[in-house]
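Below, each chain spelled out in residue letters.
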Amino acid sequence: MAYDEQRDESRDSDPRFETAELQKMSAGRYIATRFSTLKPPMNKAPNPFKLLAMLNLQQWLFFLVGFFAWSWDAFDFFTVSLTVPDLAKQFGKENTQITWGITLVLMFRSVGSVIFGIAADRYGRKWPFVVNNVLFIVLELGTGFCQTYKQFLACRALFGVAMGGLYGNAAATALEDCPEAARGLISGMLQQGYAFGYLLATAFARGLVDTTSQGWRPLYWFGACPPVLIIIFRLCLPETAAFKDRAAVRQASGNLTGTFLAEGRVALKKHWILLLYLVLLMAGFNFMSHGSQDLYPLMLENQFEFSANAVTVTQVVANLGAMTGGTIVGYSSQIFGRRFSIIFISIIGGALLYPYTFTSSHKIIAAAFFEQFCVQGAWGVIPIHLMELSPGSFRTFVVGTSYQLGNLVSSASSTIESTIGERFPLAPLISAKGVKTARYDYGKVICIFMGCVFAYVIVLALIGPEKLGHKFDVAHDSDMYDAAGDDAVAAVVHGKQGMGHDAEKYVGEEKAMQSQTEITP
């Protein structure tokens, strides 16, 4: 194949050219392309088992450690959602006041994502990950020993900082070295660590809460144990190959810290609008997950008078639906595109809201399965969508911080729903002993709230960019050329690909193609 043909092929496949074209494109032209670019590319659908076989042992281990850490992040978060009535009784507060424990975690997560995201992009994925999990252990134990409401809120606020640093690192660890063709499927599987953690929290809450004289506390004490194993697991693994190459370029430049800061300046200058967009997108996604899940157990118990066993079964089935949906839609996004997959499954999710919130019998289990199939189906696309859109030098920071700032915006979801729900009282429940329990129409509030959220996500996905198939290596990162210089990148490309004296020529060709793109109308 002649070089000109190679260059043309690269222009079609290398997302660096899309980035340059987007920067040169007028607002009107960009808006006009949002519908035409939504057309599914209809990529070949490989056998999913063949995709899984593409991962080597180290790539599988990276995925598993990221998956388990993300699962336990979700477990720790949902311990509060599943023990709201117990905590309210313990601290003499209303349910709405206890949900502030959920809100504080969501609010302070963005602090952790900034701290641990920058640390992971500068010093590596490994040690920030380990420190993160050490904090999990300390703060989960601390929550279990809280004696006052103020101690509980303080512990959960600090816990939010620890939890905020994990998502970006887990995504980068699991997906950076993943074969390109398998990314959609692996992304869907990774995201379902969230649903898997919720499933585990539901099961263990049923087995540990109120089964001893310590009430709700054993659930939190137990939550501090698995991170010990996750830390040991991560210590046995090296840095990802993608980060090693990036670190090598910084080393070759002769000034590690200076180059890292230069990468930050380049990223902010070229991608600041994209970063704002990602925060807005993730706000919608976090409203989607927390709005549909956080208050749902309380709705089942309080409004529909489900028993503890019935609530547990419904939650388990819902999370099985979530795990199935995230995996299938994540895989499908490799075929139909990221944006199209998000929009399609969000429309289906909106259509299912009525049975999800207004079915008062146990038939609601089916609605819960399919609604969470849709919610987490859309989420299954997110890890790889964020990775592909993020600047390479700050991938952990951008993925984690956009996600957690979205969490910050949506942090009051459960409190909003709970507060508004209390404006719609139902007939109180009277026990055999004559004790009255207030009941509220939470289902109506969740339905309306989620309808607005789905509409918002559809609009944001429609107007946003997409970089399906974006390459993560430094040789295809135009930001790194600008920040570190051609010579530093050439040195790494030379060492990695064995290109000998052709390394400088290769880099020159890459830069030449980029320059040509910048004058493309």
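Thresholds applied
- Residues numbered from 1 in each chain as written.
- Predicted model: local features only at pLDDT ≥ 70, side-chain atom pairs only at ≥ 80, totals over all residues.
- Heavy atoms only, no water.
- UniProt positions renumbered as here; feature names shortened; annotations may be inferred.
- Helix = DSSP H or I, 4+ residues; strand = E, 2+ residues; numbered from the N terminus.
- Buried < 20%, exposed > 50% of the residue type's maximum accessible area, 1.4 Å probe, protein only.
- Phe/Tyr/Trp six-rings, centres within 6.5 Å; stacked < 30°, edge-to-face > 60°.
- Lys NZ or Arg CZ within 6 Å of the ring centre and 35° of its normal.
- Expected span 1.5 Å × (residues − 1).
- Bend = angle between axes of the 7 residues up to and from the residue.
- Contact = heavy atoms within 4.5 Å.

As annotated in an unreviewed UniProt entry, the protein chain carries the name Major facilitator superfamily (MFS) profile domain-containing protein and is attributed to Imshaugia aleurites. Per UniProt, the protein chain has the following entry under Subcellular location (unreviewed entry): "Membrane".

1. Some words on unusual backbone geometry
One non-glycine residue with positive phi stands out, namely Asp210, at about 65°. Relative to the helices and strands, Asp210 is located in the loop between helix H12 (193-208) and helix H13 (217-223). For Asp210, a relative accessible area of 52% puts it in the exposed group. In this model, Glu305 sits at a positive phi of 60°, which is unusual for a non-glycine residue. In this structure, Glu305 sits in the loop between helix H17 (296-303) and helix H18 (308-336).

2. Some details on the packing of aromatic side chains
If you walk through the whole model with that rule in mind, you get 33 aromatic pairs. Both rings, one in Trp72 and one in Phe75, keep their centres 4.1 Å apart while their planes meet at 10°; by these two values the pair is stacked. One end of the pair, Trp72, and the other, Phe75, are both in helix H5 (residues 57-81), 3 residues apart, so they sit about a helical turn from each other. Measuring from ring centre to ring centre gives 5.6 Å for Phe91 and Phe152, while their planes differ by 35°; the resulting arrangement is tilted. Here Phe152 lies in helix H9 (residues 149-164) and Phe91 lies in helix H6 (residues 84-91), a separation of 61 residues in the sequence. The residues Phe91 and Phe152 share a single accessibility class, namely buried. Arg34 extends its terminal NZ or CZ atom over the ring of Tyr30, reaching a point 4.0 Å from the ring centre. Lying across the ring of Phe472, Arg183 places its NZ or CZ 4.0 Å from the centre.

3. Focus on helix H16 (residues 256-293)
Its 38 residues give H16 an end-to-end C-alpha distance of only 44 Å, which falls more than 12% under 56 Å, the value for a rise of 1.5 Å per residue. The axis of H16 is deflected most strongly, by about 75°, at His271.

4. What about the environment of Gln191?
Mapped onto the elements of the fold, Gln191 is located in helix H11 (residues 183-191). With 135 residues separating them in the primary sequence, Gln191 and Gly326 have C-alpha atoms 6.9 Å apart. Apart from the residues within four sequence positions on either side, Gln191 is in contact with Trp70, Tyr167, Gln376, Trp379, Gly380 and Pro383.

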